[in-house]
Amino acid sequence: MLKGRHLIDPMDLTVEELESVFKLADEIIENPAEYADVCKGKLLSTCFYEPSTRTRLSFEAAMLRLGGQVLGFSSAESSSAAKGESVRDTMMTIASYADICAMRHPKEGAPKVAALNSPIPVINGGDGGHQHPTQTLTDLLTIRALRGKLTDFTIGICGDLKFGRTVHSLIKALSRYDNIKFILISPEELKIPDYIREEILMKNGLEFQEIERLEDVMNELDILYMTRVQKERFFNEADYVRLKDSYILDKDKMSMAKQDMAVLHPLPRVNEISVEIDNDPRAAYFKQAKYGMYVRMALIMKLLGVEKC
Amino acid sequence: MLKGRHLIDPMDLTVEELESVFKLADEIIENPAEYADVCKGKLLSTCFYEPSTRTRLSFEAAMLRLGGQVLGFSSAESSSAAKGESVRDTMMTIASYADICAMRHPKEGAPKVAALNSPIPVINGGDGGHQHPTQTLTDLLTIRALRGKLTDFTIGICGDLKFGRTVHSLIKALSRYDNIKFILISPEELKIPDYIREEILMKNGLEFQEIERLEDVMNELDILYMTRVQKERFFNEADYVRLKDSYILDKDKMSMAKQDMAVLHPLPRVNEISVEIDNDPRAAYFKQAKYGMYVRMALIMKLLGVEKC
Amino acid sequence: MLKGRHLIDPMDLTVEELESVFKLADEIIENPAEYADVCKGKLLSTCFYEPSTRTRLSFEAAMLRLGGQVLGFSSAESSSAAKGESVRDTMMTIASYADICAMRHPKEGAPKVAALNSPIPVINGGDGGHQHPTQTLTDLLTIRALRGKLTDFTIGICGDLKFGRTVHSLIKALSRYDNIKFILISPEELKIPDYIREEILMKNGLEFQEIERLEDVMNELDILYMTRVQKERFFNEADYVRLKDSYILDKDKMSMAKQDMAVLHPLPRVNEISVEIDNDPRAAYFKQAKYGMYVRMALIMKLLGVEKC
């Protein structure tokens, strides 16, 4: 079904297709040994035109844990881009060597251009401020694993909701599931863009609320998705001083939360989650990194059309 | 026969030895699965003192597709060269870890120095403007695969014939085969160096012709080997304006060519071949990249003395 | 016994634990084929926040020769450190992907911090001027292999004994074995630090001697451990001119040495050992590089708790 396809935008996959990926991820988590050789003889090329250790290593670990092999580059300087080659030509060469490619690029749309002529599946590993579909798949698999399903919960999304591509993709992706309430927590100047509010949330009749302070809604949340708020994004110093503590998750705020709430974060964090939370059983952000590897394992298998023997 | 040998200069191998490499490449292309484990337990070290993604990944894909493993570095900054270690000493250390080494170096002769004391085979992956023998092997295998043999054809070699090491090596290599006619297409100031004309072409009594415009000979060619002409190489602007279109291959020029002509290019290309040609069945430059991987697979097997079980 | 442990300081392992690592290394050297798959399905992450090709490739070769796989980064620029992530957080993410980690870091103590919360074993691959335990293990295995035991010999340690972390660790490590005499050869201003002299050598009642000229003791040595003396370390030009030749090992000095003396060097060398010595059977520094790979193979197996099937 997904064999030979590309993954450029998280919405490229239907809810049913996503579910088939997640089910396979479940099985891999359950019995990793049975999948340890399914990609034997297959090569993944990681073409990273800008560094992203976390994402690159997640793809590489995924392929290696399936018994496949990996080759590639981790920054533009070590690639032929420096010699003026087009992404399209580089992709054609990569396709001569590898069976599947994960590409990260600072320019929006580059992976899409690469995919246009590519005879092998291309996975967008992040293109500028645009898309990062495997992060969205990671977020969905994590929620699904923690709650058993992707419906019927209240999610708080906290931080810089204006510029965060991760957050926009997550809202779009969740808009396709039933009975989810969104609580959007951000400073006034960093609220979600109008097109998300109007084209996604309102158009689909979703329940949502926009507020300024995390403390005010902490006890309502089933999921809390944290992201960073950079000081430079505030319009004035007064706002920053007044609000900054609202965007740092600490023990005090966790004490207001439900006992089974889950805290997610795409990582890396700087100080928006206090390390004193790390051992709280509700802190799920490091588990999330592991789900990121598993969902990529499932995705690679699906796009290659590989099955368990 | 080749076990334990180094490959520094494309002429290090006799015509018979080359033929044995090409025959093995044929078999690998025919039955890749039978070669998927022949290098199990063997390590290739890619020592790239300057970045070259295409060449490095071709070597790595070759070794991985033989079931071997790869380690190495992709630029001088990440190597011990920065600490003042000689290439010879680095090679001795690499030989402690790996079974075979592919080395690229900005200094001419560096791989030869490395090979002098090395207990493991060293393959020159390009040394400055000097040699790049696996590119020459790639070119030969591609021609041989497309035409079934390495004799009896007319080859047009087009572009900067003065500074292109790829072109010089190719002419030398082809000079050992029968009944090849060379048509050398370049601006006056970028003609092949005298030593190639006198020591290789004339001395061996080869048929050749030097002309300025690709259009004039298009219909005679069985193979067209394209390379880039950089604007900076021209002596004056008038020449550049008069000639530049002659060195860009497009649909118009292709319409003058034989139906079974093959277009080769060592890549990366910039604009010397129009992308409108890419889907022409005569465009063989991306296939060539794939032959590059196969010929390296055969070469690695031969130098390691590994055979199909 | 060592399963799940970290290796941060060479003294983290008891003499008995070291012996178990060395015995396993012996067996691997004897029958490498029997260990070629013991780490199948295991991943090593090499997290190198500063480049060190020799050490990184040694770890990678070790893991690959055990049938495991490798992923990681070779400099800080290509890691998430650039985004302000703590070493602790990076380690938690790495632990989601890999089974064991080798970390090099320019800051002293960084691998120790990484190890504190890490669910997977962390091996210190060098932290600033502080520790480099696998170099010490390499030195010990080499001596043990060449002499059959780690007791009863006279070792000359020559060069910059003040700033060389390798040398300090080696003295500490050897202080736990019986009947070793130390001859410490250095310029006055580069003698071992007081704490090594008093806390290690004197406190343990070890026999040692401090001299200025290598020539004077050459004939007494069973092992000569060479390191570099940088010109900048000398207090004055006169001393440098008077002494510099004493710190270069050449044929003349080798002619004064015992027939079974062994020359070691942690590499890279610059000119402190003349290349004319390289073919002398007593030159053991390239063998030492190979022992470095074998001791890392044994160490990885022990920390992972992996055994020969």
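Residues numbered from 1 in each chain as written. Chains lettered and ligands numbered in written order. Predicted model: local features only at pLDDT ≥ 70, side-chain atom pairs only at ≥ 80, totals over all residues. Heavy atoms only, no water.

Brief notes about the packing of aromatic side chains
Residue and element names in this part refer to chain B. Inspection of every chain in the model, using the stated rule, returns six aromatic pairs over all chains. Centre to centre, the rings of Tyr49 and Phe73 are 5.2 Å apart; their planes meet at 85 degrees, and the pair counts as edge-to-face. Of this pair, Tyr49 sits in the loop between strand S1 (43–48) and helix H2 (53–65) while Phe73 sits in strand S2 (residues 69–73), and the two are 24 residues apart along the sequence. Residue Tyr49 is classed as buried on the basis of its relative accessible area of 6%. One Lys or Arg, Arg296, reaches over the ring of Phe59 and ends 4.8 Å from the middle of that ring. (Phe/Tyr/Trp six-rings, centres within 6.5 Å; stacked < 30°, edge-to-face > 60°. Helix = DSSP H or I, 4+ residues; strand = E, 2+ residues; numbered from the N terminus. Buried < 20%, exposed > 50% of the residue type's maximum accessible area, 1.4 Å probe, protein only. Lys NZ or Arg CZ within 6 Å of the ring centre and 35° of its normal.)

Here we look at the relation of the copies chain A and chain B
For the pair chain A and chain B, the relating rotation is 120 degrees, the translation along its axis is 0.0 Å, and the fit reaches an RMSD of 0.0 Å. Taken together, the turn and the small shift mark the pair as related by a three-fold rotation axis. Of the C-alpha atoms belonging to chain A, the one lying closest to the rotation axis is found on Gln69 of chain A, 5.1 Å away. Little of the interface of chain A is mirrored in chain B, where only 4% of its interface residues again form contacts. (Least-squares fit on C-alpha atoms with pLDDT ≥ 70 in both. Contact = heavy atoms within 4.5 Å.)

Thoughts on the interface of chain A and chain C
Each partner contributes to the interface: chain A provides 25 residues, whereas chain C provides 25 residues. Between chain A and chain C, roughly 2,100 Å² of surface is buried when both sides are summed, and carbon and sulfur atoms account for 49% of that area. Remark: the boundary between chain A and chain C carries five salt bridges. Here Asp37 of chain A ties to Lys40 of chain C by a salt bridge, and the two come within 3.1 Å at their closest N and O atoms. Taken together, the elements giving at least two residues each to the side of chain A that touches chain C come down to helix H2 (53–65) and helix H10 (285–304) of chain A. It is H2 of chain A that contributes the most residues to the side of chain A that touches chain C, nine residues altogether. (Buried area = accessible area lost by both parts, 1.4 Å probe. Salt bridge = Lys/Arg side-chain N within 4 Å of Asp/Glu carboxyl O.)

Comments concerning the relation of the copies chain A and chain C
Expressed as a screw transformation, the operator carrying chain A onto chain C has a rotation angle of 120 degrees and an axial translation of 0.0 Å, and the superposed copies differ by an RMSD of 0.0 Å. Interface overlap between copies: only 4% of the residues of chain A at the interface are likewise at the interface in chain C, consistent with a contact formed by different surfaces.

Comments concerning the pattern of salt bridges
Here the structure, examined in full by the defined rule, presents 75 salt bridges over all chains. One salt bridge connects Asp89 of chain A with Arg88 of chain A, and the closest N-O pair in it is separated by 3.9 Å. Among the ionic pairs, Glu210 of chain A bridges to Arg197 of chain A, the shortest N-O distance being 2.7 Å. Of this pair, Glu210 of chain A sits in strand S7 (residues 207–211) while Arg197 of chain A sits in helix H7 (residues 194–202); the two residues are 13 residues apart in sequence, bridging distant segments of the chain. A relative accessible area of 26% places Glu210 of chain A in the partly exposed class. Assessed through its relative accessible area of 13%, Arg197 of chain A is described here as buried. Each of Arg88 and Asp89 of chain A together with Arg269 and Asp278 of chain B takes part in a single network of salt bridges with overlapping partners.

So, the interface of chain A and chain B
Counting residues at the interface gives 25 residues for chain A and 25 residues for chain B. Carbon and sulfur atoms supply 49% of the area that chain A and chain B bury against each other, a total of about 2,100 Å² over both sides. Where chain A touches chain B, the interface holds five salt bridges. Residues Arg88 of chain A and Asp278 of chain B are paired through a salt bridge, measuring 3.0 Å at the closest nitrogen-oxygen approach. Counting every contact that joins chain A to chain B gives 12 residue pairs in polar contact (both at pLDDT 80 or more). (Polar contact = N/O pair within 3.5 Å; in protein donor to acceptor, adjacent residues only side chain to side chain.)

A word on helix H7 (residues 194–202) of chain B
All names here are of chain B. When we look at burial in H7, the residues that qualify are Ile196, Arg197, Ile200 and Leu201. Axial view of H7: buried residues confined to an arc of 115 degrees, hence all on one face. Where H7 is buried, its residues touch helix H6 (165–174), strand S6 (180–185) and strand S7 (207–211). (Arc of directions from axis to C-beta.)

Here we look at the state of the cysteines
Here, disulfide denotes a covalent bond that connects the sulfur atoms of two cysteines. All names here are of chain C. For the structure on display, the rule yields zero disulfides over all chains. Cys101 provides the cysteine sulfur closest to Cys47, a residue in no disulfide bond, and the two sulfurs are 3.7 Å apart. By relative accessible area, Cys47 is classed as buried at 1%. (Disulfide = S-S within 2.5 Å.)

Here's the deal with the domain arrangement of chain A
Much of the literature gives interface size as the accessible area that the parts lose upon coming together. Residue and element names in this part refer to chain A. Examined at the domain level, chain A breaks down into domain 1 (10–131 + 292–304) and domain 2 (133–289). Each of domain 1 and domain 2 has a C-alpha centre, and these two points are 27 Å apart. Taken residue by residue, the interface counts 28 residues in domain 1 and 21 residues in domain 2. Together domain 1 and domain 2 conceal approximately 2,100 Å² of surface at their shared face, both sides included; 59% is due to carbon and sulfur atoms. (Domains from an automatic or database assignment.)

Details of the environment of Gly128 of chain B
Mapped onto the secondary structure, Gly128 of chain B falls in the loop between strand S4 (122–127) and helix H5 (133–147). Expressed as a C-alpha distance, the spacing of Gly128 of chain B and Gly164 of chain B, which sit 36 residues apart in the sequence, is 11 Å.

Some points on the packing of H2 of chain A against helix H3 (residues 87–97) of chain C
For the pair H2 of chain A and H3 of chain C, the least separation of the axes is 9 Å and the interaxial angle reads 20 degrees. Taken as axis vectors, H2 of chain A and H3 of chain C run roughly parallel relative to one another. Two packed elements cross with a definite hand, and for H2 of chain A against H3 of chain C that hand is right-handed. Mapping the contact onto sequence places Arg54, Leu57, Ser58, Ala61 and Arg65 of chain A in H2 of chain A and Thr93, Ile94 and Tyr97 of chain C in H3 of chain C. For the contact of H2 of chain A with H3 of chain C, the residue count by class is four nonpolar, two polar and two charged. (Axes fitted to C-alpha atoms, helices over the stretch in contact; angles between N-to-C directions. Parallel < 35°, antiparallel > 145°, perpendicular 65-115°, else oblique. Left-handed = near helix turned anticlockwise from the far one by under 90°. Nonpolar A, V, L, I, M, F, W, Y, C, P; charged D, E, K, R; others polar.)

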